[in-house]
Amino acid sequence: MVLPIDLLEISLNRDISLLLKDGRILNGKLVGYDQYMNLVLDDAREEKEGEEKRLGRVVVRGSNVVSIAIV
């Protein structure tokens, strides 16, 4: 079993996909995180209802993340 913090460590500077509690999907390059699993993504893109929106650099609160996948 892979622990979430271990997954984040090996995912640094790689593209990841986040599923958020509100159903949105964020894709981007993971450039940072903390012990609360707050995440910093570069070149983030939001997917919602088939549309894509470019967001740039974003900070995502860890409590809003449902799942993390390496793309």
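Preceding block: the structure.
Rules used in this analysis
- Residues numbered from 1 in each chain as written.
- Predicted model: local features only at pLDDT ≥ 70, side-chain atom pairs only at ≥ 80, totals over all residues.
- Heavy atoms only, no water.
- Pairing = 2+ DSSP bridges.
- Helix = DSSP H or I, 4+ residues; strand = E, 2+ residues; numbered from the N terminus.
- Axes fitted to C-alpha atoms, helices over the stretch in contact; angles between N-to-C directions.
- Contact = heavy atoms within 4.5 Å.
- Buried < 20%, exposed > 50% of the residue type's maximum accessible area, 1.4 Å probe, protein only.
- Arc of directions from axis to C-beta.
- Core = buried A, V, L, I, M, F, W, Y, C linked by side-chain atoms within 4.5 Å.

A. The sheet that holds strand β1 (residues 15-20), seen in detail. The five strands lie next to each other as β4-β3-β2-β1-β5, forming an open sheet whose pairing is antiparallel. The open sheet has two edge strands with one neighbour each: β4 (51-60) and β5 (65-70). Each strand of the sheet is rotated relative to its neighbour by a mean of 30°, with strand direction disregarded. In terms of strand pairing, strand β2 (residues 25-33) meets strand β3 (residues 39-48) through seven bridges, oriented antiparallel. Looking at the pairing, Y33 lines up with L39 of β3. Here helix α1 (residues 4-11) sits on the sheet and contacts β1, β2, β3 and β5; the angle it forms with β2, its principal contact strand, is near 85°.

B. Representation of unusual backbone geometry within the structure. Positive phi is not limited to glycine here, since N13 has a value of about 65°. Along the chain, N13 falls in the loop between α1 and β1. Residues other than glycine seldom take positive phi values, yet M37 does so here, at roughly 65°. Tracing the chain through its elements places M37 in the loop between β2 and β3.

C. Representation of α1. Those residues of α1 that sit buried are L7, L8 and S11. All buried residues of α1 project into a common sector of 100° when viewed along the axis, lining one side. Buried residues in α1 make contact with β1, β2, β3 and β5. A positive backbone phi angle near 65° is found at N13, which sits one or two residues after α1.

D. Quick look at the pairing of β1. Two strands pair when backbone bridges link them, and β1 and β2 are joined in this way by five bridges, in the antiparallel orientation. Looking across to β2, one finds that L19 is bridged to I25. What sits between the antiparallel neighbours β1 and β2 is a turn of four residues, in which G23 has the positive phi angle 95°. Of the strand pairs in this sheet, β1 and β5 are connected by five bridges, and their pairing is antiparallel. Within the sheet, the bridge partner assigned to S17 lies in β5 and is A69.

E. Molecular detail of the nonpolar core. With 14 residues, the main nonpolar core has L18, L39, L41, V60, V65 and I68 as its most contacted residues. Going through the elements one at a time, α1, β1, β2, β3, β4 and β5 are the ones with two or more residues in this core. Excluding its chain neighbours within four sequence positions, the residues that come into contact with I68 are L7, L8, I16, S17, L18, M37 and L39.

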